[in-house]
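Tertiary structure, described
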Amino acid sequence: MLSLPEEKINELFELIGSKEALYIPQTNNSGKADFKRWKKGSELSKALKTVRSAKDFFFPKTEHMVSYKMEGQKVTVEDPRKELEDFVVFGVRACDARGFDIIDDVYLNMTPVDSYYKNRRDHATVVTLACSEPAETCFCSAYKIDAANPAGDVSAWLANGKYYFKPNTDKGNSFVEKAKNLLSDTSDTEVKKQQEEIKAKTEKLPFAHLDLSKWQGKDMMKIFNSSVWEKLYQTCLGCGTCTYICPTCMCFDVRDFDTGNGIKQVRCWDSCMYSDFTQMAAANPRLTQKERFRQRFMHKLVYYPMAHNDNFQCVGCGRCLESCPIHMNIVKVIKTYNELADTEEGGKN
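This is a predicted model, so every value here is computed, not measured.

Structural notes on the overall build of the protein
Counting secondary structure elements, the protein contains 11 helices and 12 strands. Compactness check: the protein gives a C-alpha radius of gyration of 22 Å against a globular reference of 20 Å for 349 residues, within 12% of the reference. Taking the principal axes of the C-alpha coordinates as reference, the protein spans close to 70 × 60 × 40 Å. Scored against the burial criterion, the 349 residues of the protein give a buried share of 48%. Expressed as a percentage of contacts within the protein between residues at least 6 apart in sequence, the contacts between residues at least 24 apart total 69%. When the accessible surface of the protein is summed, it comes to about 17,800 Å², and 49% of that surface belongs to carbon and sulfur atoms. Side-chain charges of the protein comprise 49 positive and 48 negative groups, with the mean position of each set lying 2 Å from the other.

Structure (structure tokens):
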């Protein structure tokens, strides 16, 4: 285990930031945190999580994919991608790190591989940070995510006035090698103690033991046809806030723009909550807000697990609990369906 006194963290940032791009959570104008590029004088935010997840580094909100130029019958295709510089993202929480795995499963582990996404993943080093003070809106443990032992290229903990680092990959080894003059070999006693404290705290969170047993692929049509959707959808504004702050939402739209000097093709985030989502020549396949509302949660809790080894497409970060303007969120959907299913099953006995 390697350690660094807390008061020397800016020395570490300066060292890493002088060699490659470094991004850390920083306090924004609203008092919350966003990932921003480190520069001299930047301070690491103490906020538990950023407004949007670190997903943005690999799957940005908008991305220039290709350009076309037409001269008579001649068409020239231009690839706008350039070789990316290596970069480090410091302070990623365990939930967001698991979010990378979920997107990787779609964009890297299926054919065809998304080369735009892969390019960013290949150039990034992810340094995670354990959650010493999880929030009441957190429920990552329901998905067997350990906030006390986050993944990433390097796992880090802040305990008893020191940062502790454990490299997990070749990228992680490279990171600690660059910082070796600042880091000291030390016992992992304080880390183990903090891990026990974090686990004790997460066990007491309101949604730590959220019951997911009723969300099974074998019950897909039962869940799909449940009256729970009629009960819950009516207050939904269809604003898409939940999809835009979610670490695992990965839907996008592709648009072509006439620049006056050719065509620029751009992909941008899209939301299944919008009426024009996947709209085709005939119509949108989901015409009502109820259908769109149901699609979002069925995909997170049923469809994705069916296609990806029973892994849910939710990491329990709690952002949707904190951001939804009408307090509708995935926890409420899960609990309401569970209660309804219990009632229906009880009535049959």
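Quick look at the side chain of Gln295
Tracing the sequence through the fold places Gln295 in helix α9 (residues 289-307). Owing to a relative accessible area of 16%, Gln295 belongs among the buried residues under this scheme.

Some details on a nonpolar patch on the surface
Together, Met70, Val75 and Val77 line one region of the surface with nonpolar side chains, adding up to about 300 Å² of accessible area. In this structure Val77 comes out as exposed when scored by relative accessible area, which is 55%.

So, the packing of aromatic side chains
The full count for this structure, using the stated rule, is 22 aromatic pairs. On the numbers, 5.1 Å between centres and 80 degrees between planes, the contact of Phe13 with Phe90 is edge-to-face. Of this pair, Phe13 sits in helix α1 (residues 9-17) while Phe90 sits in strand β6 (residues 87-92); the two residues are 77 residues apart in sequence, bridging distant segments of the chain. Phe90 matches Phe13 in its accessibility class, with the two residues each being buried. Relative to Phe175, the ring of Phe165 has its centre 6.5 Å away and its plane inclined at 50 degrees; by these criteria the two rings are tilted. Of the two residues, Phe165 is situated in strand β9 (residues 162-167) and Phe175 in helix α4 (residues 170-178); the sequence distance between them amounts to 10 residues. For Phe165, a relative accessible area of 1% corresponds to the buried category. A cation sits over an aromatic face here: Arg81 above Tyr116, 4.1 Å from the ring centre. Taking NZ or CZ as reference, Arg267 lies 4.8 Å from the ring centre of Phe252, over its face.

Quick notes on the nonpolar core
The nonpolar side chains of a soluble globular protein tend to be buried, and buried together. If you look at the biggest cluster of nonpolar residues, it comprises 74 residues, and the most contacted ones within it are Phe139, Tyr143, Trp215, Trp229, Phe293, Leu301 and Ile330. Examining the composition of this core, we find that 7 residues originate from one element, helix α2 (residues 94-107), more than from any other. In contact with Trp229, other than residues within four places in its own chain, are Trp215, Ile223, Phe224, Lys290, Phe293, Arg294, Phe297, Met298 and Val333.

Overview of the environment of Asp188
With respect to the helices and strands, Asp188 occurs in the loop between β10 (184-185) and α5 (189-203). Classification of Asp188 as partly exposed rests on a relative accessible area of 30%. C-alpha of Asp188 to C-alpha of Gly31: the two residues are 157 residues apart in sequence and 33 Å apart in space.

About the thresholds
- Residues numbered from 1 in each chain as written.
- Predicted model: local features only at pLDDT ≥ 70, side-chain atom pairs only at ≥ 80, totals over all residues.
- Heavy atoms only, no water.
- Helix = DSSP H or I, 4+ residues; strand = E, 2+ residues; numbered from the N terminus.
- Rg over C-alpha atoms; globule rule 2.2 N^0.38 Å.
- Buried < 20%, exposed > 50% of the residue type's maximum accessible area, 1.4 Å probe, protein only.
- Contact = heavy atoms within 4.5 Å.
- Areas by Shrake-Rupley, 256 points an atom, 1.4 Å probe, with all protein chains shown as cover.
- Lys, Arg positive; Asp, Glu negative; His and termini not counted.
- Charge placed at Lys NZ, Arg CZ, Asp CG, Glu CD.
- Patch = residues over 30% accessible without salt bridge, like charges linked within 9 Å, V, L, I, M, F, W, Y side chains within 5 Å.
- Salt bridge = Lys/Arg side-chain N within 4 Å of Asp/Glu carboxyl O.
- Phe/Tyr/Trp six-rings, centres within 6.5 Å; stacked < 30°, edge-to-face > 60°.
- Lys NZ or Arg CZ within 6 Å of the ring centre and 35° of its normal.
- Core = buried A, V, L, I, M, F, W, Y, C linked by side-chain atoms within 4.5 Å.

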